[in-house]
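Summary of the model geometry
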Protein chains: 2
Amino acid sequence: MAGRRRWSTEEILDAAAELLRTGDAESFSVRKLAAVLGTDSSSLYRHFRSKTELLRAVADRILLAAMDGYHPEGDWKQRITALALRVRDAFGRQPQLAAVWGRYASSGTGSRLVMEEVLQALRASGLPDDEIPVRYHRIAVLIAALIASEAHASAVAPEEREQGMELFRVAVLGADPERFPALAHFARDVRPLGADRRAAFEEILAAQLAHIEAATRPS
Amino acid sequence: MAGRRRWSTEEILDAAAELLRTGDAESFSVRKLAAVLGTDSSSLYRHFRSKTELLRAVADRILLAAMDGYHPEGDWKQRITALALRVRDAFGRQPQLAAVWGRYASSGTGSRLVMEEVLQALRASGLPDDEIPVRYHRIAVLIAALIASEAHASAVAPEEREQGMELFRVAVLGADPERFPALAHFARDVRPLGADRRAAFEEILAAQLAHIEAATRPS
DNA sequence: ACCTGAACACCGTTCAAGT
DNA sequence: ACCTGAACACCGTTCAAGT
């Protein structure tokens, strides 16, 4: 572990992916990665110009692994849904990765595989070619936002989560029925944002895809 | 400015909102806030247990200001859209606020006003009462995710943004047509995630609302 | 009783000085 | 030529010691 040797860029990426997966993903740092490798953080800056560049490379690598064994199944909507869930699982508890990927995607094979499959599915939908890029963009924005938001939420420390839940309860159950009649009426049934995440993800995406599908049918 | 006096919680919140609005919102820190107030960061911890608690309070205050002068107009879909855009504008360039709000909302009057208005709009949609809480939840998750994602993206430093754009261009324009035929085919028309944010926000939300509307009509 | 200087345990990043 | 110790400029948070 503490061996004094040179690390290849590949090895550094693998170690980073491992640390993000097993460790406390929200607190991943260049210094911790260097410590795992038995070296100083400064030496990593020979391989990457910044932490963001490192994270982008790791994100692509994780995406590549997530796409391993993927085969398109079902109609175009099922294909996009299956793909989105794969990406969601891959970044699920890694807010730092989800954030860099959600900002600009990355430039490696992993990202390309995801883009390619979504574009192919959209072609199979019957949408005219000239509408596909903008539909692709909306789907990408939606998926990236949902995944980043979930990853962020899942990394919140337990005590902060509990505080947040309590705040939500107070906001809802303590609402004055005179001033907030609808809120008071639904107080016992309204769920906090963190509840039911998987179902929310699938339903929101399904609504978006149904909207696109409507555009493929003559009105 | 450097006066040695005691600050009320109200004054601290106002100063924090001001600093978030005018300063470099992504790098807002307790220490910088203390410097603006002419005191030490440690003294702020008498008013707030943590930075998150401070940010939650500021977020609610900003939401309250954003709701000032709001009057429902149009049908239920227009009401929710107008509201979502108000919240979007309020948090637009403040990723730290958007993040805390997106995690659990907050417990103040600002959050309650937003919740109340969305719930009232949903009631006006003709949706049966027992379906409203889950629909509300999906809308809230979607809006929070989109706003946090946009706020995050807008706060990215210019040089990192340029790097990201360049990566995206390479990923798309450099894709091997043999392996990524659809990507190569659409290479010149696919837009990066950061493009066209406002239109994307409105369209994605509209798709979600159209999906809900479909549930209000007999099939 | 109230406040705060100083410290603790961290960050990302740079670069002069060493091998 | 290559590497790295030490430093720079920060963080959020705590608490003993002061007034």
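Here the structure is a predicted model, which means the values were calculated and not measured. (Residues numbered from 1 in each chain as written. Chains lettered and ligands numbered in written order. Predicted model: local features only at pLDDT ≥ 70, side-chain atom pairs only at ≥ 80, totals over all residues. Heavy atoms only, no water.)

So, about the overall build of chain A. Looking only at helices and strands, chain A has 11 helices and 0 strands in total. Along its sequence from the N terminus, chain A presents helices and strands in the succession α-α-α-α-α-α-α-α-α-α-α. The buried share of chain A, reckoned over its 219 residues, is 51%. Restricting to contacts in chain A with at least 6 residues of sequence separation, those with at least 24 account for 70%. For chain A, the accessible surface area stands at approximately 10,300 Å², while carbon and sulfur atoms represent 50% of it. Positive and negative side-chain charges of chain A, numbering 29 and 30 respectively, have mean locations separated by a distance of 5 Å. (Helix = DSSP H or I, 4+ residues; strand = E, 2+ residues; numbered from the N terminus. Buried < 20%, exposed > 50% of the residue type's maximum accessible area, 1.4 Å probe, protein only. Contact = heavy atoms within 4.5 Å. Areas by Shrake-Rupley, 256 points an atom, 1.4 Å probe, with all protein chains shown as cover. Lys, Arg positive; Asp, Glu negative; His and termini not counted. Charge placed at Lys NZ, Arg CZ, Asp CG, Glu CD.)

All right, on to the environment of A:Thr109 then. With respect to the helices and strands, the residue A:Thr109 is situated in helix H7 (residues 109–124). Sequence-wise, A:Thr109 and A:Pro133 are 24 residues apart; in three dimensions their C-alpha atoms are separated by 20 Å. Ignoring anything within four residues of it in the chain, the contact list for A:Thr109 reads A:Asp60, A:Leu64, B:Arg179 and B:Phe180.

What follows is about the protein's contact with DNA strand D. Near DNA strand D, the surroundings consist of 16 residues, among which A:Arg6, B:Arg31, B:Lys32, B:Tyr45 and B:Lys51 are the closest. Restricting attention to atoms of DNA strand D within 4 Å of the protein, one finds that 44% of them are sugar or phosphate atoms. A distance of 2.9 Å separates a base oxygen of DNA strand D from a polar side-chain atom of A:Ser42. Side-chain polar atom of B:Tyr45 to a phosphate oxygen of DNA strand D: 2.3 Å apart, as the coordinates give it. The set of elements that each furnish at least two residues to the surface near DNA strand D consists of helix H3 (41–44) of chain A together with helix H2 (30–37) and helix H3 (41–44) of chain B. Take the surface near DNA strand D: its biggest share by element is 3 residues, from H2(B). (Near = heavy atom within 4 Å. Polar contact = N/O pair within 3.5 Å; in protein donor to acceptor, adjacent residues only side chain to side chain.)

Our next topic: unusual backbone geometry. When glycine is set aside, most residues are seen to have a negative phi, and most peptide bonds are trans. The backbone phi angle of A:Asp196 is positive, close to 65°, even though this residue is not glycine. Residue placement: A:Asp196 occurs in the loop between helix H10 (181–186) and helix H11 (197–216).

Of all residues adjacent to DNA strand C, which total 17 residues, the nearest are A:Arg31, A:Lys32, A:Tyr45, A:Lys51 and B:Arg6. Counting only the atoms of DNA strand C that lie within 4 Å of the protein, the sugar and phosphate share comes to 44%. A:Lys32 places a polar side-chain atom, nitrogen or oxygen, 3.4 Å from a phosphate oxygen of DNA strand C. Within the backbone of A:Lys51, an N or O atom sits 2.9 Å from a phosphate oxygen of DNA strand C. Counting only elements with at least two residues in the surface near DNA strand C, the list comes to helix H2 (30–37) and H3 of chain A together with H3 of chain B. Among the elements that make up the surface near DNA strand C, the one with the highest residue count is H2(A) (3 residues). Tallied by class, the residues present in the surface near DNA strand C amount to 3 nonpolar, 7 polar and 7 charged. (Nonpolar A, V, L, I, M, F, W, Y, C, P; charged D, E, K, R; others polar.)

Take the packing of helix H5 (residues 76–91) of chain A against helix H8 (residues 132–154) of chain A next. Residues and elements named next belong to chain A. It is the contact of H5 with H8, at a shortest axis distance of 10 Å, that shows an interaxial angle of 30°. Between H5 and H8, the angle falls in the class roughly parallel. When the axes of H5 and H8 are compared, the crossing they make is right-handed. Touching Ile-80, Ala-84, Val-87, Arg-88 and Phe-91 of H5 are Ile-139, Ile-143, Ile-147, Glu-150 and Ala-151, all from H8. Looking at side-chain class alone, the contact of H5 with H8 contains 8 nonpolar, no polar and 2 charged residues. (Axes fitted to C-alpha atoms, helices over the stretch in contact; angles between N-to-C directions. Parallel < 35°, antiparallel > 145°, perpendicular 65-115°, else oblique. Left-handed = near helix turned anticlockwise from the far one by under 90°.)

An α-helical turn contains 3.6 residues, so any two residues separated by three or four positions project in the same direction. If you check helix H9 (residues 158–173) of chain A, its first and last C-alpha atoms are 22 Å apart, about what 16 residues at 1.5 Å a residue would give, namely 22 Å. Of all the residues in H9(A), the buried ones are A:Glu160, A:Gly164, A:Phe168, A:Ala171 and A:Val172. An end-on view of H9(A) places all buried positions within 105° of arc, on one side of the element. Facing away from the buried side of H9(A), by more than 90 degrees, are the exposed residues A:Pro158, A:Glu159 and A:Leu173. Against H10 of chain A together with helix H4 (51–66), helix H6 (95–104) and helix H7 (109–124) of chain B lie the buried residues of H9(A). (Expected span 1.5 Å × (residues − 1). Arc of directions from axis to C-beta.)

Here we come to the pattern of salt bridges. If you walk through the whole model with that rule in mind, you get 32 salt bridges over all chains. Where A:Lys77 meets A:Glu213, a salt bridge forms, and the shortest distance between an N and an O atom there is 2.8 Å. Of the two residues, A:Lys77 sits in helix H5 while A:Glu213 sits in helix H11, which places them 136 residues apart along the sequence. Among the residues examined, A:Lys77 registers a relative accessible area of 22% and is labelled partly exposed. Taking the shortest distance from any N to any O, the salt bridge between A:Glu166 and A:Arg169 comes out at 2.4 Å. Linking A:Glu166 with A:Arg169, this pair stays in helix H9, spanning 3 residues, or about one helical turn. With relative accessibility at 39%, the residue A:Glu166 sits in the partly exposed group. Classification of A:Arg169 by relative accessible area gives partly exposed; the value is 35%. A cluster of three or more residues bridged by salt bridges with shared partners is formed by A:Arg135, A:Arg138, B:Asp196 and B:Glu203. (Salt bridge = Lys/Arg side-chain N within 4 Å of Asp/Glu carboxyl O.)

Here we take up the relation of the copies chain B and chain A. You can overlay chain B on chain A at an RMSD of 0.0 Å; the transform is a turn of 180° with a shift of 0.0 Å along its axis. What the superposition gives is, in effect, a two-fold axis relating one chain to the other. Minimal C-alpha distance to the rotation axis in chain B is attained by B:Ala145, lying at 2.6 Å. By residue overlap, the copies meet face to face through one surface: 100% of the interface positions of chain B are interface positions in chain A. (Least-squares fit on C-alpha atoms with pLDDT ≥ 70 in both.)

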